[in-house]
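# Tertiary structure, described
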Amino acid sequence: MPTDDFMLADVSLRSRFLLGTAGYPSPQVLSQAIEASGTEVVTLGLKRQLAAGGADNGFIDIVRQSGVRLLPNTAGCRSAREAVTLAHMARELLHTHWIKLEVVGDEHTLQPDPFELVQAASQLVKDGFEVFPYCTDDLVTCQRLLDVGCRILMPWAAPIGSGQGLLNPWALRTLRARLPEATLIVDAGIGAPSHAAQAMELGFDAVLLNSAVAHARDPVGMATAFRHAIEAGRRGYCSGLIEPQSMAVASTPVAGRPFDL
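## Let's talk about the environment of alanine 83
When you line up the elements, alanine 83 lands in helix H4 (residues 80-94). In this structure the C-alpha to C-alpha distance between alanine 83 and proline 169, which are 86 residues apart in sequence, comes to 29 Å.

## Digging into the pairing of strand S7 (residues 130-135)
Taking burial as the measure, the 6 residues of S7 include 6 buried ones, the bulk of the element. Side chains of S7 alternate between two faces, with Glu130, Phe132 and Tyr134 and Val131, Pro133 and Cys135 buried alike. Here strand S6 (residues 98-101) pairs with S7 via 4 bridges, running parallel. Bridge assignment links lysine 100 to a residue of S7, and that residue is phenylalanine 132. Sheet topology note: the S7/strand S8 (residues 152-155) ladder contains 2 bridges and is parallel. Within S8, the position partnered with tyrosine 134 by the bridge is methionine 154. Note that the unit made of S7, helix H6 (residues 139-147) and S8 has a crossover that is right-handed.

## What to know about the pattern of salt bridges
Tallied over the entire structure, the rule returns 9 salt bridges. The shortest N-O distance in the salt bridge between glutamate 107 and arginine 78 comes to 2.5 Å. Of this pair, glutamate 107 sits in the loop between S6 and helix H5 (114-126) while arginine 78 is found in the loop between strand S5 (69-73) and H4, placing the two residues 29 residues apart along the sequence. Notably, a salt bridge pairs lysine 100 with aspartate 187, separated by 2.9 Å at the nearest N-O pair. With a gap of 87 residues between them, lysine 100 in strand S6 and aspartate 187 in strand S9 (residues 183-187) connect regions that are remote in the sequence. In this pair, the class of lysine 100 matches that of aspartate 187, namely buried. Members of the salt-bridge network, linked through shared partners, are Asp10, Glu130 and Arg151.

## Observations concerning the nonpolar core
Counting 61 residues, the largest nonpolar core has Leu101, Ile190, Leu209 and Val213 as the members making the most contacts within it. Of the residues forming this core, the biggest block, 7 residues, is contributed by H4. Those residues in contact with valine 213, other than ones at most four positions away along the chain, are Phe17, Leu19, Tyr24, Ala33, Pro219, Met222, Ala223 and Phe226. In this structure, Val11, Leu18, Phe132 and Leu208 belong to the second largest nonpolar core, which totals 15 residues.

## Quick look at the packing of aromatic side chains
Applying the stated criterion across every chain yields a total of 2 aromatic pairs. Here the aromatic rings of phenylalanine 17 and phenylalanine 226 are separated by 6.2 Å at their centres, their planes lie at 40 degrees, and the arrangement is tilted. Pair noted here: phenylalanine 17 is in strand S3 (residues 17-20) and phenylalanine 226 is in helix H10 (residues 219-239), with a separation of 209 residues, a long-range link. We note that phenylalanine 17, like phenylalanine 226, is buried. Their ring planes at 50 degrees and their centres at 5.2 Å tell us that tryptophan 98 and phenylalanine 132 sit as a pair that is tilted. Separated by 34 residues along the polypeptide, tryptophan 98 in strand S6 and phenylalanine 132 in strand S7 bring together distant segments of the chain. The exposure classification of tryptophan 98 matches that of phenylalanine 132, with both residues buried. Over the ring of phenylalanine 129 we find arginine 91, and its NZ or CZ is 4.0 Å from the ring centre. Across from the ring centre of tyrosine 134, 5.6 Å away, lies the NZ or CZ of lysine 100, which sits over that ring.

Cut-offs used in this document
Residues numbered from 1 in each chain as written. Predicted model: local features only at pLDDT ≥ 70, side-chain atom pairs only at ≥ 80, totals over all residues. Heavy atoms only, no water. Helix = DSSP H or I, 4+ residues; strand = E, 2+ residues; numbered from the N terminus. Buried < 20%, exposed > 50% of the residue type's maximum accessible area, 1.4 Å probe, protein only. Pairing = 2+ DSSP bridges. Right-handed = clockwise from strand over helix to strand, strands pointing away. Salt bridge = Lys/Arg side-chain N within 4 Å of Asp/Glu carboxyl O. Core = buried A, V, L, I, M, F, W, Y, C linked by side-chain atoms within 4.5 Å. Contact = heavy atoms within 4.5 Å. Phe/Tyr/Trp six-rings, centres within 6.5 Å; stacked < 30°, edge-to-face > 60°. Lys NZ or Arg CZ within 6 Å of the ring centre and 35° of its normal.

What follows is the structure, given as structure tokens:
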């Protein structure tokens, strides 16, 4: 079994579970969930922090005390220009060049705008950011993001917060097959630990989620469940899953004896 460490940008991590920080019942529950998840990277919306009184309002201290890396995001942005401006604010305030790039194009589905997303990604890469673009499972959009210098892609499993799981496993499987050198992280739409395990069994490098833990009856217990599911899915993928068959295949020989007596 290969080591579970993996490279995220230029950082070696042990955990393949990235966690969001919105919607928890209390800061204490968030802190406990982070610990239970084993995550080493958490994402937070800078717009939300500024609206709550600034990036230094105590919330950031809670996150930093857990020892994890911050991945600020541009949630709420509707244009490339707005997202680029917010990314620069995040770098100045939080002292990180990592940015989860979100540019929403549809208010109902919260689907990313592929044109604005690629434009923003191109500019931010030129500005020295490590860009983590939140995108759909569209292969061409993903290829364009790689073309402008992104090394990490974050395709959705389903609309954000929907909890529907992997709506199009074929598309995700295609991304993994066609983009073997890219770091692929399933982001959005995960609702159950089994969904996360399925994503890892497809060969994805990691999973990022928020609502499924934050809105659970027991967020800390759910964070633990996701941690084990992601580890199990990764171990299954690395161990070599058998190919599905259209017919029954006997596991015990039907002729002769399985063992010499």
